[in-house]
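# Per-entry structural report
Okay, here's what each chain looks like letter by letter:
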Amino acid sequence: MHTDIQISPQEMFTETAISRQKRRTENVMRIFLLVITSMMIIPLLLIIGYLLYKALPVLSVEFLFTNPKDNMRAGGLWAPFLGTIYLVVVSLLVSAPIGVFAAVYLNEYARENWFTRITNLAVVNLAGVPSIVHALFGVGAFVLFAGLGESILAASLTLAIMTLPVIIASTTEALKAVPMSFREACWNLGATRWQTIRRIVLPNSISGILTGVILQVSRAAGETAPIMFTGAVFYKAIAEGNLFAYNITEQCMALSLHLFTISTQVPDVTDGIPYGTAVVLVATVLLVNAASIALRVYLRTRKKW
Amino acid sequence: MNILRKKSTANLPFSETAIELFIRLCGISSILFVFGIFFFVFREGAGFLFSGLDVKEFLTSVEWQPTSLNNKRYGAFALIVGTFSVTVLAMCIAVPFGLGAAIFVSEFCSPRLRETFKIIIELLAAIPSVVWGFIGLTLMNQLIITVFNAPIGLTMLNGGIMLALMSVPIIVSIAEDALKAVPDSYREAAVALGATRWQVVYRVLLPAAKNGLLAAVLLGAARSIGETMAVLMATGHSVNIPSGPLSWIRTLTATIAAELGEVARGGEHYQVLFIIGILLFTITFIVNLIADLVIKGIRQE
């Protein structure tokens, strides 16, 4: 049968109105979305640049190693900086084992049933509890009920519970990346479940677990609300240069709370100091995060399976 | 992993039984902690909640005068309105950016650019809330005073922008997961019909991933509701029913943070702050639960 419709080659290869419009919309949307996404970088750069610019006059090595002076209107950051390190280390000692083993349980032991589902839901909800509610919990449970008083210990425990989901989530991901065949091979050799976990699963996922632990450090270092009423104090003078100047049953200063205090509660602070404090806090957190990201990227390049 | 399930554990050495017990204990610790949080916060506030507190007044009155000598009032309505209005404002800013970035990163990006953007978003998520608060207090404060010619820049708008910046990373990462979860066959089918990439996104991916995107927005909102330091420092912190983005507000979280340090332990005011804590816990718990159900719903499909 012969059709009457004739399409000239020219018509065939030129754009029709509808495809032109399609292409235009496509390009407009692509550029629009690119702009939107690129705008994420603006606040990041702006914050780092602005804080650095304002902090430049006060930043020095000495700033980090002297105590705040003159009712926190001058001086450095030694006491708050050391306090933050104490809080992070103690909370890490608690949350790392619990978090890693919780993920081991969820990934290696738990069956697919309602109980596991509730456990997973609990992890999600623990991550969603507001930080100030964690603070209230810390006051109720650790400061009062357990009788720890306001201390580094109570504040660290509060931080540990708050950051637990971070470790659980990243450890679960690391464990899932270990191929099932590794475990099966080990079981077939007669290994028990714990032997398999210890000799095969954990060694093969240790670096992935580490990235999660590093993330926990960054989270814990930046938190303010959970430590405000559980162990961090506005001002406390300690010996400069002594790494063991704090006792974990006593209160400490913390970088995050110090930034809050000097920017809202203390009048006439020397100009650059709050900015300097913010820079040290942001730098600490971002460097720790960058380490975690670098480790992850490095791992991906040398993945064995 | 069920192969070993039936194996008898009777002949395991003691150390192994002990370590398995420890692992199981850690596994259920999250449940214990969630219940523990509710229990201990409830325990501190329960006394006044059941005897003395006028719950109706607490939820509907705007008079928050906990320190008044002869006329103590515990009306949290303005605080609740403050929390929700700043959250809604933050979501109005964060949702277009968050979803737009998620779509771009998952559908329009080269793998290399994608990695770069994801790292930027991760770093954005890492900045502590007290630093956002400090930015609100300094940079954004000046900016709002200059741009809107306002007498003071510590307003709902300021807090909303800070909260938006804090919740964008969450929205991006969850929304991206949701888009990734849409099977590639959907995309291929649409492309085979001659759809451009934007048409694939608009006509196929968005409808297919709508539950996941909703969950992303919900979790972003939950983060905003629970955020403390940024809103404490950036919103002006005064009890007020907001009339627009440039009026100051006070939120539930900020009230606890500002007042808990100054109250007598066990007193009415102290217990009311814990009751606010219960309210916050309940709100975020419900929002998270809904988001979880929405996500689980997709997986079952």
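Owing to the predicted nature of the structure, the values given are computational and were not obtained by experimental measurement. (Residues numbered from 1 in each chain as written. Chains lettered and ligands numbered in written order. Predicted model: local features only at pLDDT ≥ 70, side-chain atom pairs only at ≥ 80, totals over all residues.)

## Examining the overall build of chain A
Counting its secondary structure elements, chain A contains 13 helices and 2 strands. Radius of gyration (C-alpha) of chain A: 27 Å, far over the 19 Å computed for a compact globule of 305 residues. By residue count, 48% of the 305 residues in chain A fall in the buried class. Contacts in chain A between residues at least 24 apart in sequence constitute 76% of all its contacts with a sequence separation of at least 6. (Helix = DSSP H or I, 4+ residues; strand = E, 2+ residues; numbered from the N terminus. Rg over C-alpha atoms; globule rule 2.2 N^0.38 Å. Buried ≥ 20, exposed ≤ 12 C-beta atoms within 10 Å, placed from the backbone. Contact = placed C-beta atoms within 7 Å.)

## What to know about unusual backbone geometry
Excluding glycine, residues mostly carry a negative phi; peptide bonds, for their part, are mostly trans. If you check the backbone angles, D268(A) has positive phi at about 60° while not being a glycine. Take D268(A): there are 9 C-beta atoms within 10 Å of it, and that puts it in the exposed class. Of note, the phi angle at N149(B) is positive, near 55°, even though the residue is not glycine. Secondary-structure assignment places N149(B) in the loop between α5 (129-148) and α6 (156-180).

## Description of the interface of chain A and chain B
Contact with chain A, which involves 70 residues of that partner, is made by 71 residues of chain B. Of the residues assigned to the side of chain A that touches chain B, the class counts are 49 nonpolar, 15 polar and 6 charged. (Nonpolar A, V, L, I, M, F, W, Y, C, P; charged D, E, K, R; others polar.)

## Re the confidence of the model for chain B
Within chain B, residue pLDDT values average 89, and 95% of them lie at 70 or more. By mean pLDDT, the top-scoring element of chain B is helix α3 (residues 77-108) of chain B (94), and the lowest-scoring one is helix α2 (residues 55-60) of chain B (86). (pLDDT = per-residue confidence, 0-100.)

## A few points about helix α9 (residues 210-226) of chain B
The first and last C-alpha atoms of α9(B) sit 24 Å apart over 17 residues, in line with the 24 Å expected at 1.5 Å per residue. Where burial is concerned, most of α9(B) is hidden: 14 out of the 17 residues are buried. (Expected span 1.5 Å × (residues − 1).)

## Description of the packing of helix α7 (residues 131-145) of chain A against helix α8 (residues 152-176) of chain A
Residues and elements named next belong to chain A. Packing of α7 against α8 leaves a shortest axis separation of 9 Å and a crossing angle of 135°. It follows that α7 is oblique to α8 by the angle criterion. In this structure, α7 meets α8 at a crossing whose hand is right-handed. Within the contact between the two elements, α7 uses S131, H134, A135, F137, G138, F142 and V143 and α8 uses A154, A155, L157, T158, I161 and M162. (Axes fitted to C-alpha atoms, helices over the stretch in contact; angles between N-to-C directions. Parallel < 35°, antiparallel > 145°, perpendicular 65-115°, else oblique. Left-handed = near helix turned anticlockwise from the far one by under 90°.)

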